[in-house]
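The lines below spell out each chain.
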Amino acid sequence: MNIRDIAKLSGVSAATVSRVINNPSSVNQKTRERILAVMEEYHYTPNIFARSLNDKRTNTVGILCSEIYDINHSKIISILEHQLRANGYDSLLCSTGEQIPYNKKFLNLLAQKQVASIMIIGSHYSDTKDFALIYDIARHIPIIVLNGYIDVPGVYNIICDEKKIMRELVMELFQQGCRHLYYLEDNDTYSAYQKRSGFWEGVQACGIKHLCKCISIPIDSDELFHAKKQIELHLSKKQAIDAILSADDILAVGALQALTQAGIQIPVIGFNNSDYAICCTPYLTSVDNRMDFISRSAVDTLLHVLNGEDALEQITVSAKLVERDTYKRPFPASFTIDV
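Residues numbered from 1 in each chain as written. Predicted model: local features only at pLDDT ≥ 70, side-chain atom pairs only at ≥ 80, totals over all residues. Heavy atoms only, no water.

Focus: the pattern of salt bridges
Right, so step 1: Under the defined criterion, the tally for this structure stands at 8 salt bridges.
Right, so step 2: With its nearest N and O atoms 2.8 Å apart, the salt bridge here joins aspartate 151 to arginine 4. Of this pair, aspartate 151 sits in the loop between strand E4 (143-146) and strand E5 (155-160) while arginine 4 is found in helix H1 (residues 3-10), placing the two residues 147 residues apart along the sequence.
Right, so step 3: Residue classification places aspartate 151 among the partly exposed residues on the basis of a relative accessible area of 47%.
Right, so step 4: In this structure, glutamate 313 engages arginine 4 in a salt bridge whose closest nitrogen and oxygen atoms are separated by 3.7 Å. With glutamate 313 in the loop between helix H12 (291-306) and strand E11 (314-317) and arginine 4 in helix H1, the pair connects residues that are 309 residues apart, well separated along the chain.
Right, so step 5: Three or more residues are tied together by salt bridges with common partners; here these are Arg4, Asp151 and Glu313. (Salt bridge = Lys/Arg side-chain N within 4 Å of Asp/Glu carboxyl O. Helix = DSSP H or I, 4+ residues; strand = E, 2+ residues; numbered from the N terminus. Buried < 20%, exposed > 50% of the residue type's maximum accessible area, 1.4 Å probe, protein only.)

Pasting the structure below:
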């Protein structure tokens with residue numbers, strides 16, 4: 001039995017069960033007695049070590065991310081730190097320096113620092129080796145995941161529906177006459193998987209999968225340069241390209257440079273709506289995955305949990321397209337070009 005099982009049998013959230021374990025007075029007597037009865041029936045024993053840590057909790061929140069230099073991560077960190085400070089919390093930032101924004105070393109470090117909560121920016125798609133540790137920590141320290149997903153009790157996931165908008169963009173491009181779609185990606189995170197899945201679902205639904213390509217750019221490379229070179233390579237082979245979508249703005253900018261030098265104007269759509277989108281010519285259309293809203297929602301969720309209130313274990317927000325020069329409705333008659 002785990003805390004989620006107890007919550008389901010008791011008809012309450014995992015957060016409420018956690019409060020009964022760690023701060024019984026914050027839950028009304030009737031609900032507390034019902035939960036305790038279920039715990040007794042199934043011989044559920046709370047982690048004593050976790051309770052002792054909870055009693056010594058500080059007003060510091062740990063923030064985990066893979067790379068600080070990433071322009072998208074730095075923006076999120078800035079918003080989180082500002083919001084936490086405004087609510088009386090300090091922050092302790094840890095950069096893992098790898099694709100997975102969490103690992104045993106840093107999770108243990110933050111737990112030993114007795115932080116009030118841990119916020120994780122993103123999550124890896126396939127890796128589960130650290131989930132056992134996350135499970136143990138989440139029993140007494142709430143974990144908030146921003147635009148990632150970790151299916152563990154006590155973890156609150158706030159994500160953007162990136163799969164949906166990628167699928168919709170593919171289908172809209174198809175309706176406008178585009179058939180040869182290229183997709184550029186550079187990662188293997190949960191977010192990257194959602195975007196890739198949306199792309200392939202879209203081209204599959206349109207019946208053009210055999211005409212489309214997915215190009216992977218090494219994450220630890222000069223991504224703009226390599227994205228540009230990849231598109232130049234395909235253009236040199238006289239391969240048809242009707243539109244380019246990408247998992248990140250910097251990849252789209254590289255593709256845009258190659259197209260501009262070749263005198264080709266086709267739809268190019270980036271992702272994350274970062275400063276890269278307005279530091280190029282022409283200005284880049286990009287998907288806004290609402291990370292500012294997600295960041296603020298993460299802090300709101302944290303405050304609810306720390307105040308002993310129920311909070312949603314998953315919040316999903318919709319992305320929106322920010323139209324600029326490289327994609328505007330309706331297309332000009334000559335917008336789609338076969339090379």
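What to know about the packing of aromatic side chains
Given two aromatic rings, their pairing is described by the distance between the two centres and the angle made by the two planes.
Right, so step 1: Per the stated rule, a full pass over the model turns up 3 aromatic pairs.
Right, so step 2: Note on tyrosine 183 and phenylalanine 199: the rings are 5.1 Å apart at their centroids and 20 degrees apart in plane angle, and the pair reads as stacked. Taken together, the positions of tyrosine 183 in strand E6 (residues 181-185) and phenylalanine 199 in helix H9 (residues 190-206) put the pair 16 residues apart, joining distant regions of the chain. Accessibility classification places tyrosine 183 together with phenylalanine 199 in one group, the buried group.
Right, so step 3: Connected via pairs of aromatic rings, a cluster forms that spans Tyr183, Phe199 and Trp200.
Right, so step 4: One Lys or Arg, lysine 209, reaches over the ring of tryptophan 200 and ends 5.6 Å from the middle of that ring. (Phe/Tyr/Trp six-rings, centres within 6.5 Å; stacked < 30°, edge-to-face > 60°. Lys NZ or Arg CZ within 6 Å of the ring centre and 35° of its normal.)

A look at helix H8 (residues 162-175)
Right, so step 1: In this model H8 runs 20 Å from its N-terminal to its C-terminal C-alpha over 14 residues, within 8% of the 20 Å that 1.5 Å per residue would give.
Right, so step 2: Among all positions in H8, only Glu162, Ile165, Met166, Leu169, Val170, Glu172 and Leu173 are buried. Axial view of H8: buried residues confined to an arc of 165 degrees, hence all on one face.
Right, so step 3: Glycine 177, located one to two residues past H8, shows a positive phi value of around 105 degrees. (Expected span 1.5 Å × (residues − 1). Arc of directions from axis to C-beta.)

Some details on the sheet that holds E6
Right, so step 1: The strand order across the open sheet built from 6 strands is E7-E6-E8-E9-E10-E12, with neighbouring strands paired in mixed fashion. Taken across any chain shown, the strands that pair with only one partner, and hence form the sheet edges, are strand E7 (213-216) and strand E12 (320-322). The mean angle between the axes of side-by-side strands here comes to 20 degrees, regardless of whether they run parallel or antiparallel.
Right, so step 2: Across 3 bridges, the pairing between strand E10 (residues 285-288) and E12 is antiparallel. When the bridges of E12 are listed, serine 286 appears paired with valine 322. (Pairing = 2+ DSSP bridges. Axes fitted to C-alpha atoms, helices over the stretch in contact; angles between N-to-C directions.)

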